[in-house]
Amino acid sequence: MRPRWVDFHCHLDLYPDHSALVAECDRERVATLAVTTTPKAWQRNRELAENSPQVRVALGLHPQLIAERADEVALFENLLPQARYVGEVGLDAGPRFYGSFAAQERVFERIVAACAEQGGKILTIHSVRAVAKVLTHLERHLLPDRGHAILHWFTGTASEAKRAAGLGCYFSINAEMLRSEKHERLVRTLPVDRLLTETDGPFVAVGERPARPRDVQQTVASLAKTLSMPAEEAEALILRNLGDLARAGRHNP
Ligand code: MN
């Protein structure tokens, strides 16, 4: 069944009803990338998504967990040949995580190099206060030929966005990003053929509850307003972009 919506970054395993969410993604035709924060979650996520036409699982090691879990990069590397999608990975130089920043960079560099060596991986990347560093690692090893990168919840500057786009990065846009005038302005500067949508649930709320993949419909509607295009056009654009990305990933060696 062809997808109708795209949630390219959701932590399905952080909801109490993980398996019900997988069924919901299938029913609502939301192509969903289930990101993970530790490689220990890979197996269970794979089992739950095994028969799902819409849910794909990404192998992850979240930068905010590196202070306690840097050792898990070895497990990550062991599992990587099984994974086509990678995330959540990246760097976080915010005040709460800056203490582990050197370790984060060592881990991220290993992850990016391993992805480049295997080729054809699609990465969803966290880059809080660290866009320039993230791009430098990607540029050194991965882009543009050895893999594909999606900057999730991008909050960098316009010139960083331009640099990322020049390297071939995609950007996944969530509801929170469209709530601020400043971020809306930034979204308008991104190349439209590199836009995807995401919920980043459960870290983004819809009203009083955590966002679910099906809520991405509202994000497409808001994005359409931001870009001054009809909602159906934005819906088609996001699906086309997902198709381009998936085809490009397959053609990589
Ligand atoms: Mn996330």
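Please refer to the structure placed before this passage.
What you are looking at is a predicted structure, and each value in this text was computed from that prediction instead of being measured.

K.L.:
Residues and numbers for the overall build of the chain, please.
P.N.:
Regarding its fold elements, the chain presents 10 helices and 10 strands. Taken over C-alpha atoms, the radius of gyration comes to 17 Å for the chain, in line with the 18 Å a tight globule of 253 residues would show. Structurally, the chain occupies a C-alpha span of about 45 × 40 × 40 Å along its principal axes. The buried share of the chain, reckoned over its 253 residues, is 56%. The contacts of the chain with a sequence gap of at least 6 include a subset with a gap of at least 24, amounting to 72%.

K.L.:
Talk me through the coordination of the manganese ion; I want residue IDs and the actual numbers.
P.N.:
Bound to the manganese ion on the protein side are His9 (NE2), His11 (NE2), Glu88 (OE) and Asp200 (OD), at distances that span 2.2 to 2.4 Å. All donors to the manganese ion come from one chain, and their sequence spacing reads H-x1-H-x76-E-x111-D. With His9 in strand β1 (residues 5-10) and Asp200 in the loop between β8 (195-197) and β9 (205-206), this pair connects stretches of sequence that are 191 residues apart. His9 gets classed as buried once you look at its relative accessible area, which sits at 0%. Judged by its relative accessible area of 5%, Asp200 is buried.

K.L.:
Any chance you could break down the nonpolar core for me, citing the residues and the numbers?
P.N.:
In this structure, Phe8, Ile111, Ile125, Leu138, Leu151, Phe171 and Ile173 are the most contacted members of the largest nonpolar core, which totals 81 residues. For this core, the element with the most residues is helix α5 (residues 101-118), which contributes 9 residues. When near neighbours in sequence (up to four residues on either side) are disregarded, Ile173 contacts Leu178, Val187, Leu190, Leu195, Leu196, Thr197, Glu198, Thr219 and Leu223.

K.L.:
Requested: an account of the pairing of strand β4 (residues 85-92), with residues and values cited.
P.N.:
Burial analysis of β4 places 8 of its 8 residues in the buried class, the great majority of the element. Sheet topology note: the strand β3 (residues 55-59)/β4 ladder contains 2 bridges and is parallel. What sits directly across from Ala58, in β4, is Tyr85. Taken together, the 6 bridges between β4 and strand β5 (residues 121-128) define a ladder with parallel strand orientation. The residue bridging Leu91 from the neighbouring strand is Ser127, located in β5.

K.L.:
Can you explain the sheet that holds β1? Please cite residues and give values.
P.N.:
The sheet built from 8 strands is open, its strands ordered β1-β2-β3-β4-β5-β6-β7-β8 with parallel pairing. If you trace the sheet from one side to the other, it starts and ends with β1 and β8, each paired once. Taking the axes of each pair of neighbouring strands and ignoring which way they run, one obtains an average angle of 30° across the sheet.

K.L.:
Explain the pattern of salt bridges residue by residue, including any values.
P.N.:
Taken as a whole, this structure holds 15 salt bridges when the rule is applied. The salt bridge involving Arg69 is made with Glu72; its shortest N-O contact spans 2.6 Å. Judged by its relative accessible area of 27%, Arg69 falls in the partly exposed class. On the basis of relative accessible area, Glu72 is assigned to the buried category, the value being 9%. With a closest N to O distance of 2.9 Å, Asp215 and Arg209 form a salt bridge. In this structure Asp215 comes out as buried when scored by relative accessible area, which is 6%. For Arg209, a relative accessible area of 34% translates into the label partly exposed. Each of Asp17, Glu24, Arg212 and Arg214 takes part in one network of salt bridges that share partners.

K.L.:
Give a description of helix α2 (residues 42-49) that names residues and reports values.
P.N.:
Think of an α-helix as 3.6 residues a turn; residues three or four steps apart then line up on the same face. Every buried residue of α2 is listed here: Trp42, Asn45 and Ala49. Along the axis of α2, the buried positions cluster into a sector of 70°, meaning they face one direction only. Of the surrounding elements, those touching the buried residues of α2 are α1 (18-27), β2 (30-34), β3 and α4 (73-79).

K.L.:
Residue-level account of the environment of Val131, with values.
P.N.:
Topologically, Val131 is positioned in helix α6 (residues 131-141). Along the sequence, Val131 and Tyr98 sit 33 residues apart, while their C-alpha atoms lie 14 Å from each other. When neighbours within four sequence positions are excluded, Val131 is seen to be in contact with Phe154, Gly156 and Glu160.

K.L.:
A description of the packing of aromatic side chains should follow, citing residues and the corresponding values.
P.N.:
The full count for this structure, using the stated rule, is 3 aromatic pairs. Each ring, one from Tyr98 and one from Phe101, has its centre 5.5 Å from the other, and the planes form 10°; the classification is stacked. Residues Phe154 and Phe171 carry aromatic rings whose centres are separated by 5.4 Å and whose planes lie at 80° to one another, so their mutual orientation is edge-to-face. Of this pair, Phe154 sits in the loop between β6 (147-152) and α7 (158-166) while Phe171 is found in strand β7 (residues 170-173), placing the two residues 17 residues apart along the sequence. Side by side, Phe154 and Phe171 carry an identical accessibility label, which is buried.

Cut-off values and rules
Residues numbered from 1 in each chain as written. Predicted model: local features only at pLDDT ≥ 70, side-chain atom pairs only at ≥ 80, totals over all residues. Heavy atoms only, no water. Helix = DSSP H or I, 4+ residues; strand = E, 2+ residues; numbered from the N terminus. Rg over C-alpha atoms; globule rule 2.2 N^0.38 Å. Buried < 20%, exposed > 50% of the residue type's maximum accessible area, 1.4 Å probe, protein only. Contact = heavy atoms within 4.5 Å. Donors = N, O, S within 2.8 Å, 3.2 Å for Na, K, Ca; no water. Core = buried A, V, L, I, M, F, W, Y, C linked by side-chain atoms within 4.5 Å. Pairing = 2+ DSSP bridges. Axes fitted to C-alpha atoms, helices over the stretch in contact; angles between N-to-C directions. Salt bridge = Lys/Arg side-chain N within 4 Å of Asp/Glu carboxyl O. Arc of directions from axis to C-beta. Phe/Tyr/Trp six-rings, centres within 6.5 Å; stacked < 30°, edge-to-face > 60°.

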